[in-house]
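Notes for the structure review
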Amino acid sequence: MTVAQHALRPDPSGVLSAAPGVGYTKRPHVTIRGLSKRFDSAVIYDKFDLDIPRGELISVFGPNGCGKSTLINMIAGLIPVDAGEILFDGMRLDEIKFGYVFQNYREALFPWMRAFDNIAYPLKMMNVPAAERKARTEKLVAHLGVKIDLNLYPYKMSGGQQQLVSIMRALVVEPEILFLDEPFSALDYEMTLFMREQLQKLFIESGTTMVLVSHDLEEAVYLADRVLLLSRHPARVADFTVVRSPRPRTDTTLSDADFVQTKAHCLEVFQREVRRA
Amino acid sequence: MIARRLDVFLPLIGVAGLVAIWSGATALKLVDPVLLPSPASTFDAFWKGMDGGRLGFDFAKTVYRTMMATVIAAIIAIPLGIVLGASERVYRSLEFVIDFFRSTPASAMFPLFLVLFGVGDETKISVAAFGAILVILFNVAYGVMNARKTRLLAAKVMGASRLRVLFDVMLLESLPQTFVGLRNGVSLALVIIVVAEMFIGSQDGLGHSVFEAQQLFDMPRMYAAIFAAGALGYGLNLLFLLIERRFVHWSGK
């Protein structure tokens, strides 16, 4: 999505949501009501309600097996819900454009296609003509300033490059909302740090609502406008912590008093929920 | 460095060793020379036979029958395997029948196929195709069924229809396993063809060549025909490996 297009969106203030207080007044993008889900005898969600604000990056964090990924998979329609309603500005999932980035990029990309064709594939599913697919993909690549050789097959690329290709594939349709399921947890630390910066840059430029599942608290807080802290299942919202640190965040953000305090608060909530077992 | 570069010649050591032992055994007359001719006379029979001789003709016949059987098997088994693999419930309902006939020695089917097709080429080719079909079918179906779940979900999440997922993802996902099936299928087809050429009123082919040489006690010619069959089996496997590497470049990556 270009900056100009973004300016035409109904709520361009989304990018500024890091400013204190602003987030509370906005219309929600996603509304979840009465969501229920069970796996065999385990009740993962029971009449779960949540509003996800527009144009914010939400990190989902919680104890192991509490249903972090299950939540975004249900929102993104990858697994069916037992009961409840999930609406996007009042619309159903099949009426909106969205992107999804898998943790396992190796299995999510198509190894028989070059990286460029992987990125353009969702446009093919939308019946966009070949010439326009190429133009739109090239535009996205230029806009993001990506400097990797997209004529390579994915298996010839490093893990970070492959995940970057996955993210571009999710962005090429200009989604209204982007889901990321532990996108960096299969990468080495150096690449993880680099990819966090890439994601933050993408978020600041596009203002797309993003929902990120993370198992690393520092990453969850660093990237988020709000951290959704879940309890053990059946999952409740333990806290929906606002992260006020201004963007763009950098290494120095990590030692800011405000950031440290927010992270400590999240850790406290998390540990309280872990002990509750 | 130099030692590393010479590593490509390592496989030749086994060949040289075998020929050396063979030469020694014949030179020292450790084995009855009628039963084991020298490497030189065997190679001579091989060369004369392949160079416009009878062996070359038999070789070509066997290649033709094996390839016909494999092609027919692939044409039938690949689409069928995709259909079966695409629905696990359909596959489960037919699994026993497929496994049963896959486990049945194809040679046990000769009499039946003789009744159906007579003593001509059709019988040999169809029995071999029957054996190869089940092997290829099984592998294709498994390739489709074992398509990476994440990849299928990724396609679904991007809005691909069921048919799209089948052609854009499952079909390509199954290709590496399909080639495993094709390699096993062509090997099995060759075995069945050679056996059929020996015993089902055949006038030509490598099987017939081996059998006839044995009947005439022409041992160099028999060994030459055996080596021709070995070379053919090895060559066919290699051919399919090369095709796989060319078209399924992502296999194993």
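All residue numbers refer to position in the chain's written sequence, counted from 1. Each chain gets a letter, beginning with A, and each ligand a number, beginning with 1, in the order they are written. Only residues with pLDDT of at least 70 get local features here, since the model is predicted, and only at 80 or more are side-chain atom pairs given and counted; chain-wide, interface and lining totals rely on the full set of residues.

1. So, the sheet that holds strand β6 (residues 177-181) of chain A
Residues and elements named next belong to chain A. How we decide: Paired strands, as defined in this entry, are two strands with at least two bridges between them according to DSSP. Only runs of H or I of at least four residues qualify as helices and only runs of E of at least two qualify as strands under DSSP, and these elements are numbered from the N terminus. Lines fitted to C-alpha atoms define the axes here, with helix axes fitted over just the stretch in contact, and angles between the N-to-C directions of these axes take values from 0 to 180 degrees. We call two residues in contact when the distance between their C-beta atoms, placed using the backbone, is within 7 Å.
Spatial ordering of the open sheet is given by β5-β6-β7-β3-β8-β9, a layout of six strands whose pairing is mixed. Of all the strands in the sheet, the pair left with one neighbour each is β5 (98-101) and β9 (237-242). On average, each strand axis in the sheet is tilted by 15° relative to the strand beside it, whichever way the strands run. As judged from the four bridges shared by strand β3 (residues 57-61) and strand β7 (residues 209-213), these two strands associate in the parallel manner. Bridging across to β7, S59 finds its partner in L212. The sheet contacts of helix α6 (residues 159-171) involve β5 and β6, and relative to β5 the element is tilted by about 165°. Across the sheet, helix α9 (residues 257-275) lies against β3, β8 (226-230) and β9, angled at about 175° from β9, the strand it touches most.

2. Some points on the confidence of the model for chain A
Applicable threshold: pLDDT is defined as a per-residue confidence score from the predictor, taking values between 0 and 100.
Residues with a pLDDT of 70 or more make up 90% of chain A, whose mean pLDDT is 88. Across residues 1-24 of chain A the pLDDT falls below 50, and counting only partners more than four positions away or on other chains, this stretch makes 40 contacts in the model.

3. Some remarks on the environment of A:R244
Residues and elements named next belong to chain A. Rule in force here: Exposure criterion: with C-beta atoms placed from backbone coordinates, a residue whose C-beta has 20 or more other C-beta atoms within 10 Å is buried, one with 12 or fewer is exposed, and one in between is partly exposed.
For R244, the location among the structural elements is in the loop between β9 and α9. Taking the C-beta count within 10 Å as the criterion, R244 has 16 such neighbours and is therefore assigned partly exposed. Taking the C-alpha atoms as reference points, R244 and F259, 15 residues apart in sequence, are found 7.7 Å from one another.

4. So, the interface of chain A and chain B
For interface size, the figure often reported is the accessible area lost on association. In plain terms, the rule: Residue type decides the class: Asp, Glu, Lys and Arg count as charged, Ala, Val, Leu, Ile, Met, Phe, Trp, Tyr, Cys and Pro as nonpolar, and the leftover types, Gly among them, as polar.
Contact with chain A, which involves 16 residues of that partner, is made by 12 residues of chain B. Secondary structure elements with two or more residues in the side of chain A that touches chain B: α3 (105-108) and α4 (115-125) of chain A. In terms of residues, the side of chain A that touches chain B owes the most to one element, α4(A), which gives three residues. Looking at side-chain class alone, the side of chain A that touches chain B contains 14 nonpolar, one polar and one charged residues.

5. Comments concerning the sheet that holds strand β1 (residues 28-39) of chain A
Residue and element names in this part refer to chain A. Here three strands make up an open sheet; going across it, the order is β2-β1-β4 and the pairing antiparallel. The outermost strands of the open sheet, each flanked by one partner alone, are β2 (42-53) and β4 (83-88). Direction aside, the axes of adjacent strands within the sheet are offset by 15° on average. Direction of pairing for β1 relative to β2: antiparallel, over a ladder of eight bridges. If you follow L35 over to β2, its bridge partner there is F48. Strand contacts of helix α2 (residues 68-75): β1, β2 and β4, with the helix running at about 120° to β1, the strand carrying the most contacts.

6. Some points on unusual backbone geometry
Of note, the bond from A:H233 into A:P234 is cis; its omega dihedral lies within 30 degrees of zero at 0°. Following the sequence through the fold, A:P234 ends up in the loop between β8 and β9. The linkage connecting A:R247 with the following residue, A:P248, adopts the cis geometry, with an omega of -5°. With respect to the helices and strands, A:P248 occurs in the loop between β9 and α9. Residue A:K47 is not a glycine yet carries a positive backbone phi of 50°. Inspection of the secondary structure assignment puts A:K47 in strand β2. Although it is not a glycine, B:F217 adopts a positive phi angle of roughly 60°. By the element assignment, B:F217 lies in the loop between α10 (206-215) and α11 (219-247).

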